[in-house]
Amino acid sequence: MSAHALFIEPFETLAFMRTALVACLALALANGAVGTLLILRRASLDGDVLGHAVTPGAAIGFLYAGPSPVWLSLGGIAGGFGVAALAGLIGKKQAERDLGLVAFYLIALSLGVLLIAWRGSNIDVMRVLFGTVLSIDYRALLQVAVVSSVIVLVIAALYRPLAVGSFDPTFLRVASGRAPYGAVFSVLVVLALVASFQAFGTLLALGPLLLPAAAARCWRLGVAGSMTLATGFGAAASLAGLLLSYHGNLPSGPAIVLSAGLLFGVSFIAAGLLRRLAPLMG
Amino acid sequence: MVLLRRIEGADGRIDLRDVTVRYGRRLALEAVSGEFVSGSMTAVVGANGAGKSTLLAAIAGEVPLAGGVVNCAARKRLAYLPQHAAIDRDYPISVSELIALGGWPEFGAFRSPSAALWARVAAAAETVGLAKRLTRSVDELSVGELQRALFARLIVQNAAVILLDEPFAAVDAQALSVLLDQVMQWHEKERTIIAVLHDLDLVRSHFPSTLVLAQRCLAWGKTAVALPALAA
């Protein structure tokens with residue numbers, strides 16, 4: 001098989017592959033920045049919870065309007081914000097908080113699945129949980145692109161307080177007179193998850209958000225460097241995953257997340273080895 | 001200039017009236033009242049769980065008050081150094097960037113730090129003995145070096161009120177002397193300093209005033225007079 005048939009042909013012949021690729025690249029742009037900040041804040045569990053919190057909201061959107069991307073997203077945003085606000089109410093103690101968040105996400109997930117199964121079919125359930133990256137239409141693509149652009153612009157504007165807030169939140173609060181940067185960031189996470197959610201579903205949306213960022217973090221670059229590398233990893237995983245799903249006739253969303261996971265594994269081992277070897281090489 | 005300094009100094013007063021803090025049902029601070037005079041240097045001592053850290057956090061506005069008032073005119077010029085558990089040491093930030101954060105009031109969220117600020121960062125690093133480590137990443141620093149870097153950030157911050165929570169815990173003797181020197185310099189410049197400390201010999205030898213806490217205020221005044229209340 002020639003390189004052309006391997007890499008170019010799938011996108012040349014099939015419009016939905018092209019749309020899926022562009023959507024994934026747009027998502028990678030937003031996810032690289034948001035995911036890196038999420039990991040630096042050690043808030044991956046919070047991301048997890050928000051990811052699943054989107055489910056019941058999306059389910060209500062589905063009950064109201066059927067599988068329309070706009071209503072699913074609006075419902076998802078409402079659900080995400082609702083749970084983000086509720087999560088702010090639970091205790092400050094780490095153990096208590098973690099337990100509370102896990103309870104939240106299990107409840108949100110099962111409630112969402114129940115709601116969809118009540119009126120819809122098993123296929124609808126699968127669609128909400130795992131997404132349908134190959135059925136993204138032009139309107140949904142536009143929506144993904146707009147949300148991703150907004151996220152990237154907001155992070156560019158608020159880069160310093162967001163970065164400092166994940167390093168030394170107390171300092172930022174005292175120095176900046178308690179500007180609500182934490183809340184802004186929660187909004188960005190919800191937006192990123194909702195943007196990802198048509199492509200990857202509520203269960204997998206966290207994959208493209210966290211895995212490329214986690215892979216980039218292994219290489220111990222600065223904050224901006226990590227974001228850039230995470231975006232690159234996200235784009236590479238999207239391309240690899242789509243090709244894998246095309247040639248192997250596999251579901252695309254999981255293939256992309258799996259590719260990102262592979263990148264994380266390779267980065268983790270390679271960066272670890274490099275750090276150990278570096279002193280030996282002098 | 002002299003007048004300006006006096007006005008600046010007058011800003012550093014902190015007035016506590018019946019300051020009460022609760023964590024859930026537990027009372028952490030109960031009706032603490034009194035005044036940190038501008039330019040004073042006070043050690044806060046007491047047993048574990050006496051509310052020492054809580055008092056500092058309350059002054060910094062980091063914990064909500066269940067009752068009472070903290071009056072601090074210099075709230076905008078207040079520096080607060082919590083115990084280092086609060087800082088993520090694994091974070092990809094260089095020592096110079098960490099120190100430069102002290103200039104936050106000057107550059108804020110959007111402007112870029114000026115050349116003058118970077119010069120002050122270098123000078124502050126020199127003062128605490130970290131001049132050679134400016135380009136290093138924070139995760140390469142030892143506990144003592146990190147504390148030195150945080151002190152350098154305080155130097156750059158140039159605050160009127162400086163709150164230090166166990167600033168000398170887990171630092172070696174050499175770092176201790178450098179950091180203590182710096183505290184004494186701030187004192188000479190009439191900054192208001194409040195430090196939570198465990199080492200009572202250090203309190204006796206260097207801190208003019210002492211506040212003894214056990215949820216309530218047991219004693220507050222000249223160290224020689226107040227400190228015996230701790231044993232009683």
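The preceding data block contains the structure.
Residues numbered from 1 in each chain as written. Chains lettered and ligands numbered in written order. Predicted model: local features only at pLDDT ≥ 70, side-chain atom pairs only at ≥ 80, totals over all residues.

Along its length, chain B carries ten helices and nine strands. For 232 residues, the compact-globule formula gives about 17 Å, and the C-alpha radius of gyration of chain B, at 18 Å, lands near that figure. Principal-axis analysis of the C-alpha atoms places the extent of chain B at approximately 50 × 40 × 35 Å. Across the 232 residues in chain B, those meeting the buried criterion constitute 44%. Taking as baseline every contact in chain B between residues at least 6 positions apart, the subset at least 24 positions apart corresponds to 71%. (Helix = DSSP H or I, 4+ residues; strand = E, 2+ residues; numbered from the N terminus. Rg over C-alpha atoms; globule rule 2.2 N^0.38 Å. Buried ≥ 20, exposed ≤ 12 C-beta atoms within 10 Å, placed from the backbone. Contact = placed C-beta atoms within 7 Å.)

Looking now at helix α5 (residues 115-127) of chain B. Between its first and last C-alpha, α5(B) extends 19 Å over 13 residues, near the 18 Å set by a 1.5 Å rise per residue. Among the structural elements, α3 (95-100) and α6 (143-157) of chain B are those in contact with the buried residues of α5(B). (Expected span 1.5 Å × (residues − 1).)

Think of a sheet as strands paired side by side through backbone hydrogen bonds, with each pair either parallel or antiparallel. Residues and elements named next belong to chain B. On the basis of which strands lie adjacent, the open sheet formed by three strands has the order β2-β1-β4 and antiparallel pairing. Each edge of the open sheet carries a strand with a single partner, namely β2 (26-36) and β4 (67-72). Taking the axes of each pair of neighbouring strands and ignoring which way they run, one obtains an average angle of 25 degrees across the sheet. The pairing of strand β1 (residues 14-23) with β2 spans seven bridges and is antiparallel. Bridging across to β2, Arg 22 finds its partner in Leu 27. Sheet strands touched by helix α2 (residues 52-60): β1, β2 and β4. Its angle to β2, the strand with the most contacts, is close to 65 degrees. (Pairing = 2+ DSSP bridges. Axes fitted to C-alpha atoms, helices over the stretch in contact; angles between N-to-C directions.)

Axis separation between helix α2 (residues 15-40) of chain A and helix α12 (residues 223-248) of chain A bottoms out at 8 Å; the angle between their running directions is 145 degrees. Note that α2(A) runs across α12(A); the crossing there is right-handed. (Left-handed = near helix turned anticlockwise from the far one by under 90°.)

Let's shift gears to the interface of chain B and chain A. With 15 residues of chain B at the interface, the matching set in chain A holds 18 residues. Every element with two or more residues in the side of chain B that touches chain A is listed here: β5 (78-81) and α4 (104-107) of chain B. Classifying every residue of the side of chain B that touches chain A by side-chain character gives 13 nonpolar, no polar and two charged. (Nonpolar A, V, L, I, M, F, W, Y, C, P; charged D, E, K, R; others polar.)

Below, the discussion takes up the nonpolar core. If you look at the biggest cluster of nonpolar residues, it comprises 163 residues, and the most contacted ones within it are A:Val34, A:Ala192, A:Leu193, B:Ile99, B:Ala152 and B:Leu163. A per-element tally of this core places helix α10 (residues 181-204) of chain A first, with 15 residues. (Core = buried A, V, L, I, M, F, W, Y, C linked by C-beta atoms within 7 Å.)

Moving on, we get to the pairing of strand β9 (residues 216-222) of chain B. Residues and elements named next belong to chain B. Relative to β9, strand β8 (residues 209-214) runs antiparallel, the two sharing six bridges. Paired with Thr 210 across the bridge in β9 is Gly 221. Counting the residues that bridge the hairpin from β8 to β9 gives one residue, and of these Gln 215 lies at a positive phi of roughly 60 degrees.

Residue and element names in this part refer to chain B. Here we have six strands laid out as an open sheet, ordered β5-β6-β7-β3-β8-β9, and mixed in their pairing. Only two strands of the sheet have a single partner each, and these edge strands are β5 and β9. Mean inter-strand twist for the sheet, computed between neighbouring axes without regard to direction, equals 15 degrees. Relative to strand β7 (residues 192-196), strand β3 (residues 41-45) runs parallel, the two being bridged by four bridges. Each bridged residue has a counterpart across the sheet, and for Ala 43 the counterpart in β7 is Ala 195.

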